[in-house]
Structure formats: C-alpha cells, structure tokens
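Observations on the model geometry
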Amino acid sequence: MPKKPPRNAFYFYMIDFREEQRKKGVNYKNMAEVAEAAGQVWREAPPSVRSKFEGIAKKEKQKFNIPDTKFTSTGIPLALIEQAEKDVREAEEFEKKDIKNMVNLRTFNNSIKTLDIYLMDVNYYCKAGSDYIIGESTLLRFNIQDGIKDTYHEIINPGDIPLGYTSEVKLGSQTYGLEMPDDSAPRSNYMQILANVIDYLKQVDHQAQTLPPIFTMPDKVEPVQNFIHQMCRRAAEDENLFRIYKFDILFFTMVNALKTQPDEGFPKESLALLQLKKDSFKYTPGIACEHHERSDMSVECSQSRAKRWAYTALDSCCPAAGVAARPAAHVPPDYDLDSIHVFKEQKKVRHAPSVAGYAQAMSSCNTSMASDSFYDTTINSSVDSSKKEKRVHVPLRMPKADYSQAIRVAPELTEADFPSLGQRPGRGRGMGGSFSKHKLDK
C-alpha cells in the first residue's frame, strides 16, 4: 500500500526552504530543525507564496485520491462549520460597529435624546423543527426625551399544531399564559402582521429606504429573527430588510456615550446585560396586555417585558442625559417621583438608577407587608406602610376537641415500685424468676 502524502502545504514549504538554505551554506540535521527555522517565515509569508504550496499539496492529494473536504462524525463538512462560525463573528462585529456609528452620529448632532429605539419581544409555544411557534408579539418605540411612545401588540393564533408537539405546546401555553392554538378559529394573517410591523417602523420617516434596527435581549434574538423570517416567507418579502440587534449592546453604547464623568457608565458589556436581567420593574402592575392581566400572568406578557426593558434603560439614561422622568413615560404610571427624589437626596445619590434603586430599597425595608401584596401596591402605599399597624396572624379556626381531658398526670414512683437486683426477671423462656434463683433451685 503506497504511503499517503503529507496533507499540509507547510511540509512542501519546508522542503523548498531547506533546499534554499543548503544553497546558502546552511545545513540542518533533521526536519525538526527545518520546521523551527521555517515556521516564523511561513507565518509571515504573503498569500501568493502560501497559495503556491497549497496548490502543490492539493495536487499530491489528488494523486492518492485523498478528499480535500473533512467531515464531522455526523457527515457535516468542517469547512461549512468554520464558515458559519466566521459569518457569526463578522455579523457580531458589524452589529457593534453599526450601533456605535448610530449612537456616535446622534451624539455628535446632539440628537441622541430623540433617537427612536424599537424593542421587540415574542412568546412562543415551542420550537418545531427550525421554526418557532409564536403565540404573542410586541413592538415598542421609545426615546430618552419622550420615554415610551406607543406599542404594537398581537395575540397570534398559529393554527394547527405540528404532529408530535402537542405536549410541548401545552407546556409553553402554561409557561407564558397563552391560550392553546385553536385550529377551528381563523389563523392569524402573517402578511397583515408584517405589513403592520413595516408601517410601525416607518411611522417617523415614510420615505426611508432602510428600516431602523429592532432590538431585543440576546436570548430572544433567534425567536424574533425566526418570526420575522416566517412572515417574510409567506409574504414573499426580503428578510434582509430587517436588522435584529442585541439590546444590551445598545444600552452599553448609549450609557457610555452619555456619561459626563470617567467613573460613570459600564466598563463592560456584560454589566449592561446584568443590569437588564435584574428586571427591577418585573412586578409593576398595569403594564401588561388585557389577556395576561385577566389570567394573572402579567409577568410573562411580551408587552410587559418590553416595557420593563425600556424602563430599565431609561432609568440609567435619563439622569445621565439630564432628562426629568415622567410617570407613564419614563417610569411606570404608579411611581411617586417626589418621594423618589426625596429618597435620592437623602442618600446623596449622584446618578441613577434611582427609580429602581428606590423600589428595591423600599421593598427590603417594608418587612411588615407580604411579598405577594407588595407588588400590587404603589410606591405611595409603600412609603406610608410604616404608619400602619403590624398585622397579627389569626388562625382560620380553633380546634373543637378538648385534648386536655385526655392527658393523665404521671404517677409518683418510689423505691418500692422497682424490684431489687436479685429479683430482676430472667431472659430465659419459662424461668418464672431471676436467673440466680433458678440456679439455686437446681
């Protein structure tokens, strides 16, 4: 069986390098010394030189019928995986560059406060194959100056459940507070929803050639992007019109662009994501859709979640931009901003997050209120809670039976009640007396 040729181009480069060095009077003992000397030159070689020896290696492989493509154990070409990873890295770099350019341009024009930001969140039943079965979507628009402007919310009926996914769909409906898909009801019109999304994104500039980017949390990028692609496939629309970016990167870039002191802002993107994941406004009442408010699942509502993202970002951006927060725009409608400002002055906090910090501080101090009822009250009721009397737990019912009559007093015992050591009962069967007495009788 003939020996297989080397599979990399570096081997042929080493042979050529050794021959050139021999002509110059430099001789190497073995190939290890050649590899050490030629390695640095090979890494710095121009593409034309590398392609020359890669072509030589490819021809040698063809002589021995050695395939150029390598596969994984599942039959996927390694080149395809490497290309996919390269595309992901390039997309992430382009995303960060695009966000940075957008924020820097607005900062240079002093219009960063009026930059409209679009947030999108979806709730899905499960993932069937490569597509997500979407049950709810929300698109929200806000900026630093005006706060939350408006929202576009849809409860979606996906129609028939794919075969074999009924249990997963049922679990998803219970998790996110959604109704089970109704195959007897008309299916939601994805083409109309897509048209509404495009009109919503173009409401500021109807003549814009490109749509503004849509931001969402990192774990929601894939389902949001897949939902957009599903609608584009059914409407025969170009899916490249939409840009789905991570909201934490925008949050990180905006806060750092607005900072006035070196110690302000986020030193790392991971800290911006951590701030968003804290979800300080999680149990804010009255910001969910009617369906989730009725089912007492407002926390899982996509509209509530998108508003909480916006409130968290505004909580950090407004103080840095010098914008006064307004209820129902920059903060939830039930927040008492006067009490928040008093708390802020008492703590001598220079910059926010002030609203979220105040809410967390009041929740830790208000120990007399139950955790479930606390989230349904406003900040005003939390401030006045110290004036209320402490609640005393009263049992729902008292036991009807009087067990005190059944308790008997223990009798008093004397030495006469205990047998002596010589009269202790034996362990043998049928002895009838102590062990010592039994031996004496014998």
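Look up: the structure comes first, before these words.
How each quantity is defined
- Residues numbered from 1 in each chain as written.
- Predicted model: local features only at pLDDT ≥ 70, side-chain atom pairs only at ≥ 80, totals over all residues.
- Heavy atoms only, no water.
- Salt bridge = Lys/Arg side-chain N within 4 Å of Asp/Glu carboxyl O.
- Helix = DSSP H or I, 4+ residues; strand = E, 2+ residues; numbered from the N terminus.
- Buried < 20%, exposed > 50% of the residue type's maximum accessible area, 1.4 Å probe, protein only.
- Core = buried A, V, L, I, M, F, W, Y, C linked by side-chain atoms within 4.5 Å.
- Contact = heavy atoms within 4.5 Å.
- Expected span 1.5 Å × (residues − 1).
- Patch = residues over 30% accessible without salt bridge, like charges linked within 9 Å, V, L, I, M, F, W, Y side chains within 5 Å.
- Areas by Shrake-Rupley, 256 points an atom, 1.4 Å probe, with all protein chains shown as cover.
- Pairing = 2+ DSSP bridges.
- Axes fitted to C-alpha atoms, helices over the stretch in contact; angles between N-to-C directions.

**Side note on the pattern of salt bridges**
All chains considered together, the criterion is met by 14 salt bridges. Linking lysine 246 and glutamate 95 is a salt bridge whose minimum nitrogen-to-oxygen distance equals 3.8 Å. Linking lysine 246 in strand S5 (residues 244-246) with glutamate 95 in helix H4 (residues 78-108), this pair joins segments that are 151 residues apart in sequence. Since its relative accessible area comes to 21%, lysine 246 is described here as partly exposed. Residue glutamate 95 is classed as buried on the basis of its relative accessible area of 7%. Where arginine 141 meets aspartate 116, a salt bridge forms, and the shortest distance between an N and an O atom there is 3.3 Å. Remark: aspartate 116 occurs in the loop between H4 and strand S1 (117-128) and arginine 141 occurs in strand S2 (residues 131-143); sequence separation between them is 25 residues. By relative accessible area, arginine 141 is classed as buried at 10%. On the basis of relative accessibility, which here comes to 16%, the residue aspartate 116 falls in the buried class.

**A look at the nonpolar core**
Of all hydrophobic cores here, the largest spans 39 residues; its most connected members are Ile117, Leu119, Phe142 and Phe247. Counting residues per element, the ones that place at least two in this core are H4, S1, S2, helix H8 (247-258), helix H9 (269-278) and helix H11 (302-321). Counting residues per element, this core draws most heavily on H11, which supplies 9 residues. Look past the residues within four positions of phenylalanine 142 in its chain and what remains in contact with it is Leu115, Asp116, Ile117, Leu119, Gly147, Ile148, Lys149, Phe247, Ala310, Ala313 and Leu314. Among the nonpolar cores identified, the runner-up in size contains 25 residues, and Tyr118, Tyr152, Ile198 and Leu201 belong to it.

**Some details on helix H7 (residues 221-235)**
With 15 residues, H7 extends 21 Å from end C-alpha to end C-alpha; this agrees with the ideal 21 Å at 1.5 Å per step. Buried within H7 are the following residues: Val221, Pro223, Val224, Asn226, Phe227, Ile228, Gln230, Met231 and Cys232. Along its buried surface, H7 packs onto S1, S2, helix H6 (190-201), strand S4 (214-216) and S5. Looking one or two residues beyond H7, the residue adopting positive phi is alanine 236, at roughly 55°.

**A few points about a nonpolar patch on the surface**
On the surface, Ile76, Leu78, Leu80 and Ile81 cluster together to form a nonpolar patch covering roughly 300 Å² of accessible area. For isoleucine 81, the location among the structural elements is in helix H4.

**Side note on the sheet that holds S2**
In spatial order, the strands read S3-S2-S1-S4-S5; together these 5 strands make up an open sheet with mixed pairing. Two strands close off the open sheet at either side, each with one partner strand: strand S3 (147-155) and S5. Strand-to-strand, the axes of this sheet are offset by a mean angle of 35°, without reference to chain direction. Of the pairings in the sheet, the one linking S4 to S5 comprises 3 bridges and is parallel in character. Paired with phenylalanine 215 across the two strands is tyrosine 245, which belongs to S5.

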